[in-house]
Amino acid sequence: MSHAVELRGIVKRFGTFVANDCVDLVVKAGEIHAIVGENGAGKTTLMNVLFGLLQPDGGEILIDGKPIVVANPRAAIAAGLGMVHQHFKLVPSLTVAENVFLGMERGRAGFVDHKAQIAETERLSRDFGLKVDPTEQVGLLSVGIEQRIEILKVLARGARIIILDEPTAVLTPQESRELFQTLRGFVAQGMTVIFITHHLEEVMAVSDTVTVLRLGRKVDTRPTADVTKNDLVQMMVGRSVSFDRRQREPSTGGTVLSVKDLWCRDDRGLPAVRGVSFDVRAGEVVGIAGVAGNGQTELAEVLSGLRPASHGTFRIHGEDLTAASPRRIRDTGVAHVPGDRVVRGVDRQSSIAANILMGRQDTPPWARGSLIDWAVVRERSSEMMERFDVRASGPDALVKSLSGGNMQKVVLAREFSHDADFLLVDQPTRGVDIGATESIHNEIMRQRADGRAILLISVQLDELIALADRILVMFNGLIMGELPGDSVSEEALGLLMAGVQTGPDRAAVA
Amino acid sequence: MEVLERLINVAMLVATIRTTAPILLVALGGSFTTKAGIFNIGLEGQMLVGAFFAVIGSIFTGSAWLGVLCGVTAAVTFALIFVVLVVSFRANEVVVGLALNILAGGMTISLMKAIFGTRGSIVGHGIVGLKPVHIPGASDLGVFGQLVSGYTPLVYVAFAMVPILIVFYQRTRLGLHIRVVGEKPEAAEAQGLSITRIRYIASLLCGVLAGLAGAHLSLGYITMFTENMSSGRGFMAVAILIFSNGDPLKVLAGCLLFGFSDALALRLQTFGFPSYLVLTVPYLVALAALFALAYRSRPRIVRETVDSMKRLMRIEGPPDAGAGRRNES
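Quick look at the structure, then. These figures come from a predicted structure and were not determined experimentally. (Residues numbered from 1 in each chain as written. Chains lettered and ligands numbered in written order. Predicted model: local features only at pLDDT ≥ 70, side-chain atom pairs only at ≥ 80, totals over all residues. Heavy atoms only, no water.)

Details of the overall build of chain A
Piece 1. Along its length, chain A carries 17 helices and 22 strands.
Piece 2. Out of the 510 residues in chain A, the part that is buried amounts to 55%.
Piece 3. Long-range pairs, those at least 24 residues apart, make up 66% of the contacts in chain A between residues at least 6 apart in sequence. (Helix = DSSP H or I, 4+ residues; strand = E, 2+ residues; numbered from the N terminus. Buried < 20%, exposed > 50% of the residue type's maximum accessible area, 1.4 Å probe, protein only. Contact = heavy atoms within 4.5 Å.)

Quick word on the overall build of chain B
Piece 1. Summing up its helical and strand segments, chain B has 16 helices and 2 strands in all.
Piece 2. Relative to its full complement of 329 residues, chain B shows a buried share of 46%.
Piece 3. Across chain B, the fraction of contacts at a sequence separation of at least 24, relative to all contacts at a separation of at least 6, is 74%.
Piece 4. For chain B, the accessible surface area stands at approximately 15,500 Å², while carbon and sulfur atoms represent 68% of it. (Areas by Shrake-Rupley, 256 points an atom, 1.4 Å probe, with all protein chains shown as cover.)

Examining the packing of helix α3 (residues 43-61) of chain B against helix α11 (residues 233-244) of chain B
Residues and elements named next belong to chain B.
Piece 1. The interhelical angle for the contact between α3 and α11, taken along N-to-C directions, is 140°, at an axis separation of 7 Å. Classified by the angle their axes make, α3 and α11 are oblique. As for how α3 packs across α11, the hand of that crossing is right-handed. Only R233, G234, F235, A237, V238 and L241 of α11 make contact with α3, whose side of the interface consists of L43, E44 and M47.
Piece 2. Tallied by class, the residues present in the contact of α3 with α11 amount to 6 nonpolar, 1 polar and 2 charged. (Axes fitted to C-alpha atoms, helices over the stretch in contact; angles between N-to-C directions. Parallel < 35°, antiparallel > 145°, perpendicular 65-115°, else oblique. Left-handed = near helix turned anticlockwise from the far one by under 90°. Nonpolar A, V, L, I, M, F, W, Y, C, P; charged D, E, K, R; others polar.)

Details of the sheet that holds strand β1 (residues 3-14) of chain A
Think of a sheet as strands paired side by side through backbone hydrogen bonds, with each pair either parallel or antiparallel.
Residue and element names in this part refer to chain A.
Piece 1. Sheet architecture is open: 4 strands sit in the order β2-β1-β4-β5, paired in antiparallel fashion. Only two strands of the sheet have a single partner each, and these edge strands are β2 (17-28) and β5 (66-68). On average, each strand axis in the sheet is inclined to that of its neighbour by 25°, with strand direction left out of account.
Piece 2. One ladder, built from 3 bridges, connects strand β4 (residues 58-63) with β5; its direction is antiparallel. Bridged to I61 within β5 is I68.
Piece 3. Relative to the sheet, helix α1 (residues 43-50) contacts β1, β2 and β4, its axis offset from that of β1 by approximately 115°. (Pairing = 2+ DSSP bridges.)

Thoughts on the pattern of salt bridges
Residue and element names in this part refer to chain A.
Piece 1. This model, assessed by the stated rule, comprises 32 salt bridges over all chains.
Piece 2. Across the salt bridge formed by R217 and D21, the nearest N and O atoms sit 3.0 Å from each other. A residue pair is termed long-range when its members are at least 10 positions apart, and R217 in strand β10 (residues 217-223) and D21 in strand β2 qualify at 196 residues.
Piece 3. The partly exposed category is assigned to D21, whose relative accessible area is 27%.
Piece 4. K43 is paired through a salt bridge with E166; the nearest N and O atoms lie 3.9 Å apart. Here E166 lies in the loop between β7 (161-165) and α6 (173-188) and K43 lies in helix α1, a separation of 123 residues in the sequence. (Salt bridge = Lys/Arg side-chain N within 4 Å of Asp/Glu carboxyl O.)

Some details on the pairing of β4(A)
Residue and element names in this part refer to chain A.
Piece 1. Where β1 lies against β4, 5 bridges are found, and the strand directions are antiparallel. Considered in β4, the bridge of V11 is made with G58.
Piece 2. If you look at the hairpin formed by β4 and β5, you'll find 2 residues sitting between the two strands, and D64 has a positive phi there, around 50°.

Thoughts on the packing of aromatic side chains
The description of an aromatic ring pair uses the distance of the two centres, along with the angle that the planes make with each other.
All names here are of chain B.
Piece 1. Taken as a whole, this structure holds 8 aromatic pairs over all chains when the rule is applied.
Piece 2. With 5.2 Å between their ring centres and 90° between their planes, F52 and F53 make a pair best called edge-to-face.
Piece 3. Given the relative accessible area of 0%, F52 is considered buried.
Piece 4. Residue F53 is classed as partly exposed on the basis of its relative accessible area of 24%.
Piece 5. Ring centres of Y151 and Y156 lie 5.9 Å apart, and the angle between their planes is 75°; on these two criteria the pair is classed as edge-to-face.
Piece 6. The partly exposed category is assigned to Y156, whose relative accessible area is 25%.
Piece 7. Counting every residue linked through ring pairs, the aromatic cluster contains F32, F168 and Y169. (Phe/Tyr/Trp six-rings, centres within 6.5 Å; stacked < 30°, edge-to-face > 60°.)

A word on the side chain of S381(A)
All names here are of chain A.
Piece 1. You can see S381 is positioned in helix α13 (residues 374-387).
Piece 2. By relative accessible area, which is 0% here, S381 ends up buried.
Piece 3. For S381, the contacting residues outside a window of four places in its chain are A353, I356 and P395.

Some details on the environment of R344(A)
All names here are of chain A.
Piece 1. Here R344 shows up in helix α11 (residues 341-345).
Piece 2. As a C-alpha pair, R344 and V411 span 67 residues in sequence and 9.8 Å in three-dimensional space.
Piece 3. Contacts of R344, omitting those with residues within four sequence positions, involve E301, L306 and P338.

Some remarks on the packing of helix α8 (residues 173-183) of chain B against helix α10 (residues 195-219) of chain B
Residue and element names in this part refer to chain B.
Piece 1. The contact between α8 and α10 brings their axes to 10 Å, and the two run at 110°. As summarised for this structure, α8 and α10 are arranged roughly perpendicular, according to the angle between their axes. Between α8 and α10 lies a crossing whose hand is left-handed. Packed against α8, whose contacting residues are L174, H177, I178 and V181, the element α10 presents I195, I198, R199, I201 and A202 at the interface.
Piece 2. Per-class residue counts for the contact of α8 with α10 are 7 nonpolar, 1 polar and 1 charged.

In structure tokens form, the structure reads like this:
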């Protein structure tokens, strides 16, 4: 079998950091090749080098056995490569066909031939089984369909080797399965697919061959049939990690958080949360599942006082905090791990110590009178860094020098050391590697054992299944149903996440 | 009734069309930059230098059309300075726009002093204005003939630009690319389109129309230049652009509103209202229009509140909305 892509000794450095260290990669023609690795392992960098978005500091690229220089994406496209990025680059006000042909419009004399574009989009859509309506406005479509359009864009440019960067991150399980079928179809037509992921189930389900990267180096390339999930995890992390459901004692505490018919609007003024009600008891982890953008973020913002509720109430220990300021909510006993740590979790320009200080600047022993006692702040920060396994040179290191996982541990260290009764934890392991994820999960379970009430919002189903006692599924601002954490199938979760209710009394079972 | 008839008649409509033309030209020019994602507050200055240099060109060449060309060239030069600073050097759009507006105001006054030794205005000196176009046979059409014939050429250009721009944005490659660059620059970049090049083109096209708007002011119905002749029309255009998002039809609607209130103000003066009060009419209309637009978002809030109140009154919610609530019991 011939090689569609061959990378030889690719080296890519950013300053002193080596993102790719002499990586070799062989992708056979007509296979689905998965590239896995922790965050920061160099997967995306390697693909960006292949696609001409980055120039390598060393090494060779061969496409179809011929060495080429990929100076820019244009050269990559000319060589038959196509890349579907993690973040879609579609124009909402244009139609599907206009987006597919953007930058290579059909037509003459500066005019666009809409009819020809629509016809060609239809043909591509039929040939490759990617159902779209070419005349629809992209802004009105779901994320799953947007991804189809991105793939159509790549196909319209004549790609035979398709690279997908974390294609399933934004999809429901059902949409992911459809995508995999499509990819199988591509391979059947003689095309080659390379996809980056950190979901090992996907690797096992769809790929023919898998390459594992760790810390910028290739660990191994193996036929998927010859490896197990555990082998892959060991290769990725360098040791074995457990992802099973965590053991736990049943919780017996009283109600800490009580939410009743809560509504709020999003930034555009449209209803984002539309009447949700639930309780969280002490010593319990309640998970909120859902595809990103179904009101979870807004719900977390309301509960932390960052967004006003338009209707309804929430209480902590019976005290109505619906209209309270973030400060008052915190003082009542709420700790908040925000979903977007860079925006609301940390100040990247400040030191770790200053970040851990935030919110305590008025409390002894951190401050005496109105003066901050930096000696105490540093000492306490060092203790917390040790306890929460923050890897940095010391408390004075700037947060922006930390990796995503370590940054998140700084946030957890600050929030979980407040002795708050209610922990509002939004996407605690987004963009965090497997090793750090494990220690964050351990910490959440430790807080649960200490009798905290925890609301865990996550788009990662395996995380919810591992940690939550109950899982509420949000769709379009509503809670579609509740599933007990110990007997939940991804299937049932996926249907609820897609807005399909499995039965009228499903929600009442709990 | 009689008062109304005196207020709204053919003459009034003709006046509306006339007063609409310059603001429509400059606003359509701004539509290019708005669509390309540039907040162009420098329209006022571009229009002013357009008006000034149109008069200068007209005096020195003896031709109205060469005058128009001079005005357009001056405005395009201003547009070029704007886009170089904003796009290539990434300066703040508002600061650069305001600076160019102030420069335009000061420059025209000092040049007037230097060339003609006068302050205030340039009148006479052999300025050649644009001749009104009389459409043949229009006089036989009665009222309709009066409405469509007898304007200076740039009035026709202004109104013709509306359908041209609609086609431009929907059917041409450049129009499409300008929209993409404004709405989602990273999408343009990913497809190898040069954001810089497209923003340059949009800004220069804007300069052309702003220059025409200025030339229309000084060589249209009155052939003279006065200090600060654009008198806020560029800013009005900016306001219209914010609310129309640069869509040609909405721009037209906004400009007609301002044109009408401008004409109304002139009309009211003939009724003997104090002129300083009357001159506030267009701005009051602007305020009222903006308020009305802002008020439109109110019913949504009302609707949502009514919705949740209804849900409270009901014993059983609808199956989808009630799911979250039912597991309480």
